[in-house]
Amino acid sequence: MENYGQVVRGRESALSTNKVLRNTYTLLSMSLLFSALMAGVSMAVGISQGMALGAMIAAIVLVWFVLPKFENSAGGIAVVFAFTGLMGLSLGPMLSYYLAIPGGGNLVMTALGGTGIIFLGLSGYALTTKKDFSFMGGFLFVGLMVVFGAALLNIFLSIPALSLAVSGGVILLMSGLILFDTSRIVNGGETNYIRATVSLYLNIHNLFVHLLHLLSVFAGGDD
Amino acid sequence: MDLWLKIGTAAILLFMLWRLWPVANHWMKHGPKGTKKDWQTAIIALAAVVGFVILLIMMVR
């Protein structure tokens, strides 16, 4: 009888995990499409760098202060779309810059495809192995602090090698965070699909931005 | 980059650092610790990413 109870609880847990996974990937794919659409609008309208920065600040305010109040209700979905839309808008000036340089279209498409392959590969790995990567948490968050600190310094120092190192570091950390976030969904550490979507979206967004930067430096179009 | 854009970006990064510190501290103190085998698995996956990024760089050069 006790074994039967354990089987039922295990089955309920697996069903709940599958539901979180399905909802996360559905919302993530829709919010990525919406973000891409808003990036297109941003380029078409030609928003300035200052407006892009404003959109990013608004997105950060939404994710840190508004989302926690709505993450357990349907209103959270609207907040996710508002957040990803603003993040898409903030990409406009950067994408316009890269698309204007010779071979820029190729660079953007390579970075986009590369981001997709890295995300699908790492997510697929975490999903199929069901391995728990939560042991990486301390390393990843301390790594993020180091990289943010270096990026902060480089805003005023403008050292090209440091900028390259920051991009390389962010790519590695975001790859680790994809493993970490996906394994937390699979192993029941994350049960809220709205929070899970925002985490995975941020990983993909940062991975794309820094992969594009790295590729453009090596292609000779940026410093 | 315009000075105000630099100041705005620096403010965002400072805010992120301020919000990230308790999270990093929590995971350092209370997060699960991985075995040598766990780390080997993670390093192999990250090494594959490094290899793939090098391939992409060679493609665009």
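Please refer to the structure higher up on the page.
Definitions and cut-offs
Residues numbered from 1 in each chain as written. Chains lettered and ligands numbered in written order. Predicted model: local features only at pLDDT ≥ 70, side-chain atom pairs only at ≥ 80, totals over all residues. Heavy atoms only, no water. Contact = heavy atoms within 4.5 Å. Salt bridge = Lys/Arg side-chain N within 4 Å of Asp/Glu carboxyl O. Polar contact = N/O pair within 3.5 Å; in protein donor to acceptor, adjacent residues only side chain to side chain. Helix = DSSP H or I, 4+ residues; strand = E, 2+ residues; numbered from the N terminus. Nonpolar A, V, L, I, M, F, W, Y, C, P; charged D, E, K, R; others polar. Axes fitted to C-alpha atoms, helices over the stretch in contact; angles between N-to-C directions. Parallel < 35°, antiparallel > 145°, perpendicular 65-115°, else oblique. Left-handed = near helix turned anticlockwise from the far one by under 90°. Expected span 1.5 Å × (residues − 1). Buried < 20%, exposed > 50% of the residue type's maximum accessible area, 1.4 Å probe, protein only.

1. What to know about the interface of chain B and chain A
Thought 1: On the side of chain A, 45 residues touch chain B, which itself brings 35 residues to the contact.
Thought 2: Counting across the chain B and chain A interface gives one salt bridge.
Thought 3: A salt bridge links Asp38(B) to Lys131(A); the shortest N-O distance between them is 2.6 Å.
Thought 4: Remark: the boundary between chain B and chain A carries one residue pair in polar contact (both at pLDDT 80 or more).
Thought 5: Among the secondary structure elements, those contributing two or more residues to the side of chain B that touches chain A are α1 (3-30) and α2 (36-60) of chain B.
Thought 6: It is α1(B) that contributes the most residues to the side of chain B that touches chain A, 18 residues altogether.
Thought 7: Residue composition of the side of chain B that touches chain A, grouped by class: 26 nonpolar, four polar and five charged.

2. Points about the environment of Leu62(A)
Residues and elements named next belong to chain A.
Thought 1: Within the secondary structure, Leu-62 sits in helix α2 (residues 49-70).
Thought 2: Each C-alpha atom, one on Leu-62 and one on Phe-156, is 27 Å from the other, the two residues being 94 residues apart in sequence.
Thought 3: Excluding residues within four positions of it along the chain, Leu-62 makes contact with Leu-67, Val-79, Ala-82, Phe-83 and Leu-86.

3. Quick look at unusual backbone geometry
With the exception of glycine, the majority of residues adopt a negative phi angle, and the majority of peptide bonds are in the trans configuration.
Thought 1: Residues other than glycine seldom take positive phi values, yet Lys130(A) does so here, at roughly 55 degrees.
Thought 2: By the secondary structure assignment, Lys130(A) is in the loop between α4 (104-129) and α5 (137-157).

4. Looking at the side chain of Thr17(A)
Thought 1: Position of Thr17(A) among the secondary structure elements: in helix α1 (residues 2-45).
Thought 2: Apart from residues lying up to four places away in sequence, Thr17(A) is in contact with Ile185(A) and Val186(A).

5. What to know about the packing of α5(A) against α1(B)
Thought 1: In the contact formed by α5(A) and α1(B), the axes pass within 9 Å of each other and the chain directions differ by 160 degrees. The angle between α5(A) and α1(B) places the two elements in the roughly antiparallel class. In the packing of α5(A) onto α1(B), the handedness of the crossing is left-handed.
Thought 2: Residues that form the contact of α5(A) with α1(B) fall into these classes: 20 nonpolar, four polar and one charged.

6. Things to note about the pattern of salt bridges
Oppositely charged side chains can form a pair if their charged atoms are brought close together.
Thought 1: According to the stated counting rule, one finds three salt bridges over all chains in the structure shown.
Thought 2: A network of salt bridges, in which partner residues are shared, links Glu71(A), Glu190(A) and Arg195(A).

7. Points about α4(A)
Residues and elements named next belong to chain A.
Thought 1: Taking 1.5 Å as the rise per residue, α4 with 26 residues should run 38 Å; its terminal C-alpha atoms sit 37 Å apart, in good agreement.
Thought 2: Taken together, the buried positions of α4 are Gly-104, Leu-107, Val-108, Thr-110, Ala-111, Gly-114, Thr-115, Ile-118, Phe-119, Leu-122, Ser-123 and Ala-126.
Thought 3: Where α4 terminates, the next one or two residues include Lys-130, which has phi positive at roughly 55 degrees.

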